[in-house]
Amino acid sequence: AGDGSGPVGAAAEGGGLPAPERVLFPPTFSVSEIKNKQRRHFMFLRWKQQQRKEKLAAKKKRRKEREALGDKAPPKAVPKTIENQRVYDETTVDPNDEEVAFDEATDEFAPYFNRQTVPKILITTSDRPRGRTVRFCEQLSTVIPNSHVYYRRGLALKRIIPQCIARDFTDLIVINEDRKIPNGLVLSHLPDGPTAHFRMSSVRLLCSSHSYLLLSFQRTGKEPTEHVPEVILNNFTTRLGHSVGRMFASLFPHDPQFIGRQVATFHNQRDYIFFRFHRYIFKSEKKVGIQELGPRFTLKLRSLQKGTFDSKFGEYEWIHKRREMDTSRRKFHL
């Protein structure tokens, strides 16, 4: 319009550039209805941009309302996640349950928690391991105190286990590999079991692990010391998860040496167990850095077997069956 009544004329009178026209998509808008591929991609990006702007505007509006209400503001809404929408499991452990306390006092790990035994670990591999698996076992032995590495060649586990028991080993760890990459871990508690079979993935060795958390500063020394580390077990809430957590705890000596500032973490999230080995670095009273000492890996429980390792006649307490158990994304077993 030549009279300056339109948006272009109004901007010209103010001496500025015209404001860009805001694109409003109808509620029933569907990008899939656009036939042209380039146009469809462009409109999808515009639609996503509009969604982000609307979300940001709603967030600012809620923040202003909370500031105006002050102490009378309602509590913040808890975001919905798969974890907090987890399907209730009737086997969830109650620390005050008498039955759980009785099971803990009589299970296979009771001698360890009663300080009657001292952990002594044997770490071995599959037959004729390759270089990456060998380095992983060596680095794992620096994480677990009082652990010894043995490379077996053709010797069956059924012959190794009696020798371990005779030499007072309390646990046996077997690292399996596929195509030169570690892909499995068998953990057998001696002398009476149980034995856990894990699928291993996302293995990163110390030489390739340069990630730091809370990077306030870096230390050049990245080798773990001989101090006994602290052990952290997260989210092992069910009876099965409780047994697996006690199995991991029994690998480490009883009294951690906090002066070493080293911590081994087993974090269970959606039935995936993430292992990390860190050292705390205190720069001041308020700033704390975490230095990763490696190695790191992820475990997925495949089965829990009673007794020691027996592939033919072993009795299983729990076996992961994908078609029967993985029916819901919000159902977890550990």
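All values derive from a computational prediction rather than experimental measurement.

## Some thoughts on helix α5 (residues 131-143)
For α5, with 13 residues, the first-to-last C-alpha span of 19 Å sits near the 18 Å given by 1.5 Å per residue. Considered for burial, the residues of α5 that qualify are Thr133, Val134, Phe136, Cys137, Gln139, Leu140, Ser141 and Val143.

## Some thoughts on the pairing of strand β7 (residues 230-234)
With five bridges joining them, β7 and strand β8 (residues 262-269) adopt parallel strand pairing. Residue pairing in the sheet places Ile232 in a bridge with Thr265 of β8.

## Some thoughts on a positive patch on the surface
A cluster of basic side chains, namely Lys48, Arg52, Lys55, Lys59, Lys60, Arg62, Arg63, Lys64, Arg66 and Lys76, defines a positive patch on the protein surface. Of note, Arg66 is situated in helix α2 (residues 37-69).

## Quick look at the pattern of salt bridges
Applying the stated criterion across every chain, the model contains seven salt bridges. In this structure, the salt-bridge partner of Arg296 is Glu292, at a minimum N-O distance of 2.6 Å. Residue classification places Arg296 among the buried residues on the basis of a relative accessible area of 16%. For Glu292, a relative accessible area of 3% gives the class buried. For Lys306, the salt bridge identified is with Glu315, shortest N-O distance 3.5 Å.

## Side note on the pairing of strand β3 (residues 171-178)
Within β3, six of the eight residues are buried, which leaves it mostly tucked inside the rest of the structure. Examined bridge by bridge, strand β1 (residues 121-125) and β3 share five bridges and lie parallel to one another. Paired with Thr124 across the two strands is Val174, which belongs to β3. In terms of strand pairing, β3 meets strand β4 (residues 181-189) through eight bridges, oriented antiparallel. Across the sheet, Asp171 pairs through a bridge with His189, a residue of β4. Hairpin geometry of β3 and β4 is characterised by an intervening segment of two residues between the two adjacent antiparallel strands and by a positive phi of about 55° at Arg179.

## Let's talk about α2
Its 33 residues place the ends of α2 48 Å apart at the C-alpha level, agreeing with the 48 Å of an ideal helix rising 1.5 Å per residue. Where α2 starts, the residue carrying a side-chain oxygen 3.1 Å from the main-chain nitrogen of Gln38 turns out to be Asn36. Taken from the residues just after α2, Gly70 is the one with a positive phi, measuring 70°.

## Some details on the packing of aromatic side chains
For the structure on display, the rule yields 10 aromatic pairs. Summarising the aromatic geometry, the rings of Phe136 and Phe297 are spaced 5.5 Å apart at their centres and angled 80° between planes, so their arrangement reads as edge-to-face. Pair noted here: Phe136 is in helix α5 and Phe297 is in strand β11 (residues 296-305), with a separation of 161 residues, a long-range link. Comparing Phe136 with Phe297, the two get one shared label, buried. Every member of this aromatic cluster is reached through a ring pair, and the members are Phe136, Phe198, Phe236, Phe248, Phe252, Phe266, Phe275 and Phe297. Sitting above the plane of the Phe169 ring, Lys120 keeps its charged end 4.6 Å from the centroid. Looking at Lys300, its charged tip hangs above the ring of Tyr272, at a distance of 4.5 Å from the centre.

## Notes on the nonpolar core
Ranked by size, the top nonpolar core spans 37 residues in total, and within it Ile173, Phe198, Phe248 and Ile273 carry the most contacts. When sequence neighbours within four positions are dropped, the list of residues in contact with Phe248 reads Leu187, Phe198, Leu233, Phe236, Phe266, Ile273 and Leu299. One finds Leu157, Ile161, Leu172 and Val174 within the second-largest nonpolar core, a separate group that totals 11 residues.

## With respect to the environment of Ile160
Residue placement: Ile160 occurs in helix α6 (residues 157-166). Residue Ile160 is classed as buried on the basis of its relative accessible area of 3%. Put simply, Ile160 and Thr124 are 36 residues apart on the chain and 9.8 Å apart in space, counted from C-alpha to C-alpha. Those residues in contact with Ile160 that lie beyond four places of it in its chain are Leu122, Arg152 and Leu155.

## Thoughts on the side chain of Glu292
Relative to the assigned elements, Glu292 resides in strand β10 (residues 288-292). Here the side chain of Glu292 touches Arg296 through a polar contact of 2.6 Å, side chain to side chain.

What counts, and where the lines are drawn
Residues numbered from 1 in each chain as written. Predicted model: local features only at pLDDT ≥ 70, side-chain atom pairs only at ≥ 80, totals over all residues. Heavy atoms only, no water. Helix = DSSP H or I, 4+ residues; strand = E, 2+ residues; numbered from the N terminus. Expected span 1.5 Å × (residues − 1). Buried < 20%, exposed > 50% of the residue type's maximum accessible area, 1.4 Å probe, protein only. Pairing = 2+ DSSP bridges. Patch = residues over 30% accessible without salt bridge, like charges linked within 9 Å, V, L, I, M, F, W, Y side chains within 5 Å. Areas by Shrake-Rupley, 256 points an atom, 1.4 Å probe, with all protein chains shown as cover. Salt bridge = Lys/Arg side-chain N within 4 Å of Asp/Glu carboxyl O. Lys, Arg positive; Asp, Glu negative; His and termini not counted. Charge placed at Lys NZ, Arg CZ, Asp CG, Glu CD. Polar contact = N/O pair within 3.5 Å; in protein donor to acceptor, adjacent residues only side chain to side chain. Phe/Tyr/Trp six-rings, centres within 6.5 Å; stacked < 30°, edge-to-face > 60°. Lys NZ or Arg CZ within 6 Å of the ring centre and 35° of its normal. Core = buried A, V, L, I, M, F, W, Y, C linked by side-chain atoms within 4.5 Å. Contact = heavy atoms within 4.5 Å.

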